[in-house]
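Chains, contacts and geometry: an overview
Residue strings, one per chain:
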Amino acid sequence: MGPFDDLIQGFIAAATPMNLLMCFAGVLLGQIIGVLPGIGPSAAIALLLPLTYGASPTGAIIMFAGLYYGAQYGGTLTSVLINVPGESSSVMTSIDGYKMAQQGRGGVALGIAAIGSFIAGTIGTLGLMLLAPPLANIALAFGPPEYCALVLLGLTALAAVGGSILKGLATGVAGLLLGTVGIDPQVGVARFDYGQLWLLDGVDFIVLTVALFGMGEVLASCRTAAAEPILNVGRVLPTRDEWRQARMAILRGSGIGFLIGCLPAAGATIASFVSYIVEKKVAKDPSRFGHGAIEGVAGPEASNNAASAGAMVPMFALGVPGSNTTAVMLGALIMFGLRPGPEMFTTNSSLVWAVIASMYIGNAILLIMNLPLAGLFARLLKVRYSWIYPPILAICLTGVISHANNVEDAWLMFAFGVLGWLMKRYDWSAAPMVLGLVLGPLFENTLRQSLTLSHGSGTIFFLRPISALLIVAAVSAITIPLLVNFIRQRRTLAGA
Amino acid sequence: MQSRPALGELLLALIFAILGIVWVVTSLGMPLWEGFAPQSGFMPLWYGVILTGLAGAILVNLFMYGSENGEEPIGKPLIVLAALAAGIAGIEPAGFGPSIFLLLLVLFAVVERLPIVHSLFVAAGTTTVLILIFKTWLGVRLPTGPLGI
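Residues numbered from 1 in each chain as written. Chains lettered and ligands numbered in written order. Predicted model: local features only at pLDDT ≥ 70, side-chain atom pairs only at ≥ 80, totals over all residues.

**As for the overall build of chain B**
When helices and strands are counted, chain B shows 5 helices and 2 strands. Shown N-terminal to C-terminal, the secondary structure of chain B runs as helices and strands in the order α-β-β-α-α-α-α. In summary, chain B has a C-alpha radius of gyration of 23 Å against a globular reference of 15 Å for 149 residues, an excess of more than 25%. A principal-axis box enclosing the C-alpha atoms of chain B has dimensions of 60 × 50 × 25 Å. For chain B, the proportion of its 149 residues judged to be buried stands at 33%. The contacts in chain B between residues at least 6 apart in sequence include a share of 59% that link residues at least 24 apart. (Helix = DSSP H or I, 4+ residues; strand = E, 2+ residues; numbered from the N terminus. Rg over C-alpha atoms; globule rule 2.2 N^0.38 Å. Buried ≥ 20, exposed ≤ 12 C-beta atoms within 10 Å, placed from the backbone. Contact = placed C-beta atoms within 7 Å.)

Quick look at the structure:
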């Protein structure tokens, strides 16, 4: 049987009333979870696991998959409307999405995110269906040096797309530095905890993100809250011009997201960062980015949704999780007595294909739900800012406390919030700091593993073609803009 | 661009520089390299050195070229910060519910001078929704006070 015959069988299995209900419940719950800071899709699946003990494995995995990509879109809502990314993969969306909302184009931002997510989800699912086995083999070629180089590329490129490279690099390194707080994952020794037990778990992503983006924005904007103009919601569907600008970004984001999602441990966060960087690089006028460019929303949104499908490739084909969420899903498969890995496609093909088919259905549900709802959500912008920012602070505080159930994290949020306010005030980009914190442990682990493998020699990064290529790209990302600036300044001086 | 550095931006660069120095000093007390492999202090030491260098370069830049953004009044953000600090400090002794409710009420009615009845209603509604979602639905154990919420 070919993949299309398998898919038809999958649709028959996924279209039972119970499985359709599970799919709808997953997408809806995912959206709600995505909106709430502090509860990510992996935590939500873990919380729901006990409720699925009696359910069929197919129904449960369909619900979890729906929850996974539903959460990606839920994070978009808060990113665009209140500049608080619910998920790390929505950080890039907030840069231009929030600006679009401030310009009265919040409806379009949410609309293009829904359309982009649908297209990318469908392309990603198609990729999962056709390319799972060969792509899983390519992903296996990524060893510690390649991962290390990939993270380096992500950090340097992101630092370079902000306003000042120097400030972007400083915030990125500060994020990496904060990522070293807690237990050293390689040798199990506590670092930078200064005798505080609550610091042993490290600085949590949600604390830093909520503080830098949510609190930083509130503190920067509250001064003029009473005078803030009430924003127009605008239409939800993009105009022909906007669609023309966004369509290629959606396609590129889908490809990037799927490919990066396939890499174990890379996931939707790196995918959305890379997609944003690519869109800025290929844009005719890169200066529009950061000021409400629709491609800055369409690309990352498509990318993080396609990455959800891509992350299923290593999970199904290799039994290796592509993200935190698929790690929990993998645990769920084992809980149901299944053995994830290459034999999944033969021994449990009905489950695998039912899940793949349900992803098409889930993406359609996401689009049908969100085009009308986007306008409804965007109406939040019509409320006076004086009424909005106190509940934002309360949500940030609740999300942070609920995540680790300790008040110390709230104080940490307070301190980072002050930093976020200053960064916002003086145009220091916060995104590299968040990326540094998220990717810091992966970067450190892979760098130390690579150096151990090479007996302490850094040449390992240049002797392997993929990592050498990625490092050259990382160095170019910093040096080329600096060189261009230097030449431009010289010409200006010569002209004067 | 203003010709002199803004105090807030200088403070920001100094925070990053101090963070880098703290990391350098602390990591020097950790094992850096053993045999072939880098140890716990290796990466933090490098991060600290690089961050201190970058923050130093930013400081030099600020003194040479000034800040792009000028100063603006900071009174209201400081009041909001004070209210938030009081709200966080009250969570353990008073409980999550009362602290959040009072924080919202102060921000609505005192800081923003919004109508008191509306403020009471929105503060109570927001607190109830947050407790229902996080405590009742998601089963998160939020700190409780004498009132049990």
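Let's pick the thread back up.
**Details of the overall build of chain A**
Across its full length, chain A holds 20 helices and 2 strands. When each of the 496 residues of chain A is scored for burial, the buried share is 61%. Nonlocal contacts in chain A, meaning residues at least 24 apart in sequence, comprise 80% of its contacts between residues at least 6 apart.

**Structural notes on the environment of glutamate 301 of chain A**
Take glutamate 301 of chain A: it is sitting in helix H12 (residues 295-318). Those residues in contact with glutamate 301 of chain A that sit more than four places away from it in its chain are Thr76, Thr93, Ala113, Gly116 and Ser117 of chain A.

**Side note on the interface of chain B and chain A**
Chain B puts 56 residues into the contact, and the matching count from chain A is 52 residues. Counting only elements with at least two residues in the side of chain B that touches chain A, the list comes to helix H1 (7-28), strand E2 (37-38), helix H2 (42-65), helix H3 (75-94), helix H4 (96-111) and helix H5 (116-137) of chain B. For the side of chain B that touches chain A, the element with the most residues is H2 of chain B, which contributes 11 residues.

**What to know about the packing of helix H9 (residues 205-221) of chain A against helix H17 (residues 408-425) of chain A**
Residue and element names in this part refer to chain A. Between H9 and H17, the shortest axis-to-axis distance is 7 Å and the interhelical angle comes to 55°. The pairing of H9 with H17 is recorded here as oblique in orientation. Both H9 and H17 take part in a crossing whose hand is right-handed. Between H9 and H17, the contacting residues are Val207, Leu208, Val210, Ala211, Leu212, Phe213, Met215, Gly216, Glu217, Leu219 and Ala220 on the first element and Asp409, Leu412, Met413, Phe416, Gly417, Gly420, Trp421, Met423, Lys424 and Arg425 on the second. A breakdown of the residues in the contact of H9 with H17 according to their chemical character gives 14 nonpolar, 3 polar and 4 charged. (Axes fitted to C-alpha atoms, helices over the stretch in contact; angles between N-to-C directions. Parallel < 35°, antiparallel > 145°, perpendicular 65-115°, else oblique. Left-handed = near helix turned anticlockwise from the far one by under 90°. Nonpolar A, V, L, I, M, F, W, Y, C, P; charged D, E, K, R; others polar.)

**A word on the domain arrangement of chain B**
Along its sequence, chain B is carved into domain 1 (7-65) and domain 2 (75-137). On a C-alpha basis, the centres of domain 1 of chain B and domain 2 of chain B stand 38 Å from each other. (Domains from an automatic or database assignment.)

**As for helix H4 (residues 57-82) of chain A**
Because an α-helix completes one turn every 3.6 residues, residues spaced three or four positions apart along the sequence face the same direction. If you check H4 of chain A, its first and last C-alpha atoms are 37 Å apart, about what 26 residues at 1.5 Å a residue would give, namely 38 Å. A positive phi of about 65° marks asparagine 83 of chain A, the residue just after H4 of chain A. (Expected span 1.5 Å × (residues − 1).)

**Quick look at unusual backbone geometry**
Residues and elements named next belong to chain A. Look at phenylalanine 192: it is not a glycine, yet its phi comes out positive at around 50°. Relative to the helices and strands, phenylalanine 192 resides in the loop between strand E2 (190-191) and H9. Positive phi, close to 60°, is recorded for aspartate 427, a residue that is not glycine. Here aspartate 427 shows up in the loop between H17 and helix H18 (431-453).

**Looking at the environment of glutamate 112 of chain B**
Here glutamate 112 of chain B is to be found in the loop between H4 and H5. Residues glutamate 112 of chain B and valine 80 of chain B lie 32 residues apart in sequence; the distance between their C-alpha atoms is 10.0 Å.

**Remarks on helix H1 (residues 3-14) of chain A**
Residue and element names in this part refer to chain A. In a regular helix each residue adds 1.5 Å, so 12 residues correspond to 16 Å; H1 covers 16 Å between its end C-alpha atoms and thus fits that length. Taken residue by residue, H1 has Leu7, Gly10, Ala13 and Ala14 as its buried positions. Seen along its axis, H1 keeps its buried residues to an arc of 115°; they face one direction. H1 presents Phe4 and Asp5 as exposed residues on the side facing more than 90 degrees away from its buried surface. (Arc of directions from axis to C-beta.)

**Re the confidence of the model for chain A**
Here chain A averages 82 in pLDDT, while 87% of its residues score no lower than 70. The secondary-structure element of chain A with the lowest mean pLDDT is helix H3 (residues 41-48) of chain A, recorded at 68, while H17 of chain A shows the highest, at 93. (pLDDT = per-residue confidence, 0-100.)

**Considering the environment of threonine 492 of chain A**
All names here are of chain A. Tracing the backbone shows threonine 492 in helix H20 (residues 465-495). Judged by local crowding, threonine 492 falls into the exposed class, with 9 C-beta atoms found within 10 Å. The sequence separation of threonine 492 and glutamate 408 amounts to 84 residues, and the corresponding C-alpha distance is 52 Å.

**Brief notes about the confidence of the model for chain B**
Low-pLDDT stretches of the model should not have their predicted coordinates read in fine detail. Counting all residues, the mean pLDDT for chain B is 91, and 98% of those residues have values of 70 or more. The ipTM for the predicted assembly is 0.95, set against a pTM of 0.78.

**A look at the packing of helix H16 (residues 385-404) of chain A against H17 of chain A**
All names here are of chain A. Direction vectors running N to C along H16 and H17 enclose 135°, while the axes themselves pass 8 Å from each other. Classified by the angle between their axes, H16 and H17 sit oblique to one another. As H16 packs across H17, the resulting crossing turns out to be right-handed. In contact with Cys396, Leu397, Val400, Ile401, His403 and Ala404 of H16, H17 contributes Asp409, Ala410 and Met413. Here the residues of the contact of H16 with H17 are counted per class, giving 7 nonpolar, 1 polar and 1 charged.

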